[in-house]
Every structure is written in structure tokens, then in C-alpha cells.
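So the chains spell out like this:
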Amino acid sequence: MSIDFDLQDGVALVTINRSERMNAMDAEHYGLLSDAWIRVRDDRDVRVAVVTGTGEKSFTVGADLKSFVGQAPDLAEFMLSQKGQLLNRGLEVWKPVVAAVNGYCLGGGMTLLLATDLRFAAPHASFALSEVKRGVFPANGGTQRILQQLPYPVAMELLLTGDPMDAETAARWGLINRVVPAGELLDTAMAAARRIASNAPLAVQSAKELAVRSRDMDLPTGLRMEQAMLRLLQTSEDVQEGTQAFAEKRAPAFTGR
């Protein structure tokens, strides 16, 4: 019962490790997952994260409903809006996150997926915002991100019926990057993460932040933010290294400074 965290060469692998419960998460696991995302955000050695689940059946089915039934927090707890923050609940993580979906991606698993940047799935993966079938709705970003990422009628069908979408359909609508053989799934996700990690980390993080924030800004404000961020990066050691490496026809060695 854990959230596994492995860091190699700038790529953090976050694994939801509860296969006996389809990688469903109770309060303890959500706390551990929050700790993992905070480490991804704050650890300068982390440049990219990959998230997946153990086993071959499930990425994660989200909340372990049996552990949350009748467990609504009191009002004082409700007001602690920054406690136990998650990637999909508002934690700002500008390092890219790659999802390797190895099976069921349901409920909270789907809202987690919607907060990632690149997504690969095994052929047997399925996707659903199934909360309405249980008397609630998909919180932690489910209602807030789905219309940003899918056409309106497709998104509303997922949101209001709770019915699943298969991997090929998800790829066709752009919910995931592509479907890959199950045996190649993690390798594919890790390879994409390593390609990203080889780039200048401050530039990558700036590009992600600007792109994500653009959804909430008018174009003139977004363009001005681009100018300001670019002006900052032009003084970085990585820009000097990138320019010199290009001139010397070698791979750059970026440090994130």
C-alpha cells in the first residue's frame, strides 16, 4: 500500500501501488500522492514526471468509495482549501507530467489524467467520469477541464452518462496522444519523458506555464507575459549553454540555471 517514487536522470516515476484495489485511493493514499506531487514540484532534480498504476488492469479508479461513504468533512476541514493538494485539485506543477494508462482510468483517475500533459494508453484502457452513477459528480477538476479538452457533445456525454470510452476512441478525440502495445506502454512514456528532460528545464517549465495560463488570459496579456518570461530566460546560464552547444555542434548540458 504505497505511492512509489523513483527518480532517475531527471525523470520521476510516480506509481500508484494498490493493485489489489484496482489502484483505488483512500485518504492515506491521497495524502501520499499529494506528497509525491509536491516533491515533483519542489525537487530541482526532477525535470519531468511519469504517472502510472501497478498491474495490468487499472491506472486508477480514483477514490476508494468504501472508505469515503458517509465521511464528508466538517466545515472547518472544508475551508482548508490548500490542504493535501493534488495535481488535479489545483497544485501548480509546471514540470511536465506524462501519463501511462495501463487499464481502467475511471473517476478520480480520469480527473488525474485531465491534469497531465502527455498521455499514452494500452489498447485495453478505458476512460470514464463515472461519478454520476454513484450519486456525485467528478470533482477535483472533472467538471472544469473536460470541456477544455474535448468537443462539447463528446465531453458532455462522458460527464452526464458516466459511460466509458475505449482507448481508440480516446485517441481519435485527442484525449490521449496514442495507443501503444501494453508491453511497450511504460517504455514509451519514459522515452517521451526523457526527451523532454533533455531540454532546458526552465524553458520547458515556462512554456508549460504560459500555455496553461493562456486559457485564463486575453491575448494581449498572454503576449506580454511571454515577453516578460523570455526576458528573464535570456539571462540564464542555459541560454548561454544552448547557444554555445549549437555553435559547437554538440548536445547541450542544461543545469536549470
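These remarks concern the structure in this document. (Residues numbered from 1 in each chain as written. Predicted model: local features only at pLDDT ≥ 70, side-chain atom pairs only at ≥ 80, totals over all residues. Heavy atoms only, no water.)

## Brief notes about the layout of surface pockets
Okay, step 1: A volume near 610 Å³ is recorded for the second largest pocket.
Okay, step 2: If you go around the second largest pocket, you meet 22 residues; those closest to its centre are W94, R145, Q148, V212 and R215.
Okay, step 3: Elements supplying a minimum of two residues to the lining of the second largest pocket: α5 (142-149) and α9 (201-213).
Okay, step 4: Residue composition of the lining of the second largest pocket, grouped by class: 8 nonpolar, 6 polar and 8 charged. (1 Å grid on protein atoms, 1.4 Å probe; cavity = no way out; pocket = protein on both sides within 12 Å on 5 of 7 lines; lining within 4 Å. Points joined across faces, edges and corners; volume = space filled by probe spheres on them. Helix = DSSP H or I, 4+ residues; strand = E, 2+ residues; numbered from the N terminus. Nonpolar A, V, L, I, M, F, W, Y, C, P; charged D, E, K, R; others polar.)

## Thoughts on the pairing of strand β5 (residues 97-101)
Okay, step 1: Most of β5 is tucked away: 5 of the 5 residues are buried.
Okay, step 2: Taking every second residue as pointing to the same face, both faces of β5 are buried, with V97, A99 and V101 on one and V98 and A100 on the other.
Okay, step 3: Taken together, the 3 bridges between strand β3 (residues 48-53) and β5 define a ladder with parallel strand orientation. Pairing of V51 across the sheet is with A99, part of β5.
Okay, step 4: The pairing of β5 with strand β7 (residues 118-121) spans 4 bridges and is classified as parallel. Paired with A100 across the strands is F120, a residue of β7. (Buried < 20%, exposed > 50% of the residue type's maximum accessible area, 1.4 Å probe, protein only. Pairing = 2+ DSSP bridges.)

## Quick look at the sheet that holds strand β9 (residues 165-166)
Okay, step 1: Taken together, 4 strands build an open sheet; the order of strands is β4-β6-β8-β9 and the sheet is mixed. In the strand order of this sheet, the two ends are held by β4 (58-60) and β9, each with one partner.
Okay, step 2: Bridge count between β4 and strand β6 (residues 104-106): 2 bridges; the pairing is parallel. Across the sheet, T60 pairs through a bridge with C105, a residue of β6.

## Some remarks on the sheet that holds β3
Okay, step 1: Spatial strand order, β1-β2-β3-β5-β7-β10: 6 strands in an open sheet with mixed pairing. The strands lining the two open edges of the sheet, one partner per strand, are β1 (2-8) and β10 (178-179).
Okay, step 2: Pairing analysis gives 2 bridges linking β7 to β10, with the strands arranged parallel. Pairing of A121 across the sheet is with V179, part of β10.

## Focus on the pattern of salt bridges
Okay, step 1: Under the defined criterion, the tally for this structure stands at 11 salt bridges.
Okay, step 2: Its salt-bridge partner being R18, residue D26 comes within 3.7 Å of it at the nearest N-O pair. The exposure classification of D26 matches that of R18, with both residues buried.
Okay, step 3: Here D42 ties to R41 by a salt bridge, and the two come within 2.6 Å at their closest N and O atoms.
Okay, step 4: Because the salt bridges share partners, they merge into one network encompassing R18, R21, D26 and D64. (Salt bridge = Lys/Arg side-chain N within 4 Å of Asp/Glu carboxyl O.)

## Topic: the side chain of D238
Okay, step 1: With respect to the element layout, D238 can be found in helix α11 (residues 237-248).
Okay, step 2: An unpaired buried charge is present at D238: no salt bridge exists, and R47, the closest side chain of opposite charge, is 6.2 Å distant.
Okay, step 3: There is a polar contact of 3.0 Å between the side chain of D238 and the backbone nitrogen of G256. (Lys, Arg positive; Asp, Glu negative; His and termini not counted. Polar contact = N/O pair within 3.5 Å; in protein donor to acceptor, adjacent residues only side chain to side chain.)

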